[in-house]
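Each chain, letter by letter, is given below.
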Amino acid sequence: MKASHPEVAAAHRVNPGETLRKVRESKNLALNDVAVQLNLTAQALRNLEAGAFEQLPGHTFARGYVRAYAKLMGMDGDRLVLEFDQFTGTDASG
């Protein structure tokens, strides 16, 4: 029987919002400009980048925001959504 090690799982959790923020900054894109392109408020985008997903309208919306943001940045949306699921400890069913 394998023992569960939550501290190991937590160490591998990556905030996809942080990843997206770094890519946005590397492309010299302003937060407000990206928010407009994603049809989000600047505050919603700040929350997403900070990993404050509980401040967004809901889990399904947050997943969609991550996917749309990844697409806008030319990244693999599926990978970022998987990181989101791992970071939040949830999956597509919420």
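Because the structure is a prediction, the values reported are computed rather than measured.

Novice: What exactly am I supposed to notice about the side chain of Asp-85 here?
Specialist: Within the secondary structure, Asp-85 is located in helix H6 (residues 77–88). Asp-85 sits in the buried class, given a relative accessible area of 11%. Of the polar contacts made by the side chain of Asp-85, one reaches the side chain of Arg-63; its length is 2.9 Å.

Novice: Would you mind going over helix H5 (residues 59–72) with me for this structure?
Specialist: An α-helical turn contains 3.6 residues, so a residue and the one three or four places further along point in the same direction. Over its 14 residues, H5 runs 20 Å from end to end, which matches the ideal 20 Å to within 8%, given 1.5 Å per residue. Residues Ala-62, Arg-63, Tyr-65, Val-66, Tyr-69 and Ala-70 constitute the buried set of H5. Burial along H5 is one-sided: seen end-on, the buried residues are contained in an arc of 160 degrees. The outward face of H5, more than 90 degrees from its buried face, is lined by the exposed residues Thr-60 and Lys-71. Tucked into the core, H5 has its buried residues touching helix H2 (16–26), helix H3 (31–38), helix H4 (42–50) and H6. Looking one or two residues past H5, Gly-74 carries a phi angle of roughly 75 degrees, positive in sign.

Novice: In this structure, what is going on with the packing of aromatic side chains? I would like to understand it.
Specialist: Each aromatic ring pair is characterised by the separation of its centres together with the angle its planes make. Within the structure shown, the criterion is met by 3 aromatic pairs. Between Phe-53 and Phe-84, the ring centres sit 4.8 Å apart and the planes meet at 85 degrees, which makes this aromatic pair edge-to-face. Residue Phe-53 is found in the loop between H4 and H5, and its partner Phe-84 is found in helix H6; the two are separated by 31 residues along the sequence. With respect to class, Phe-53 is no different from Phe-84; both count as buried. On the basis of an interplanar angle of 45 degrees and a centroid distance of 6.3 Å, the ring pair of Phe-61 and Tyr-65 is categorised as tilted. Placement of the pair is Phe-61 and Tyr-65 together in helix H5, with a separation of 4 residues, close to one helical turn. By relative accessible area, Tyr-65 is classed as buried at 19%. Here the aromatic residues Phe-53, Phe-84 and Phe-87 are joined through ring pairs into a cluster of three or more.

Novice: Looking at this structure, I do not really get the confidence of the model for the chain. What am I missing?
Specialist: As a note on interpretation, predicted positions should not be read in detail where pLDDT is low. Overall, the prediction assigns the chain a mean pLDDT of 89, with 84% of residues at 70 or greater. Residue range residues 1–10 is modelled with pLDDT below 50. Its contacts to residues more than four positions away, or to other chains, number 0 contacts.

Procedures and definitions
Residue positions are given per chain, counted from 1 along the sequence in the order it is written. At least 70 in pLDDT is required for a residue's local features to be given in this predicted model, at least 80 for side-chain atom pairs to be given and counted, and no such filter applies to totals for whole chains, interfaces and linings, which use all residues. For side-chain calculations, the full set of non-hydrogen atoms in the structure is used, while hydrogens and water are omitted. Only DSSP runs of H or I covering at least 4 residues are called helices, and only runs of E covering at least 2 are called strands; the numbering of each starts at the N terminus. Here the term buried applies to any residue with accessible area under 20% of the maximum for its type, exposed to any over 50%, and partly exposed to those in between, with areas from a 1.4 Å probe on protein chains only. Under the rule applied, a polar contact is a pair of N or O atoms within 3.5 Å (in protein, one hydrogen donor and one hydrogen acceptor; residues adjacent in sequence only if both atoms are side-chain atoms). Here the expected length of a helix is defined as 1.5 Å per residue gap, with one fewer gap than residues. Regarding the arc, it is the one traced by the directions from the helix axis to the C-beta atoms. We call two residues contacting when some pair of their heavy atoms lies within 4.5 Å. What counts as a ring pair is set by centres within 6.5 Å for rings of Phe, Tyr and Trp (its six-membered ring), and what kind of pair is set by the plane angle: stacked under 30 degrees, edge-to-face over 60, tilted for all other angles. What pLDDT expresses is the predictor's confidence in each residue, scored from 0 to 100.

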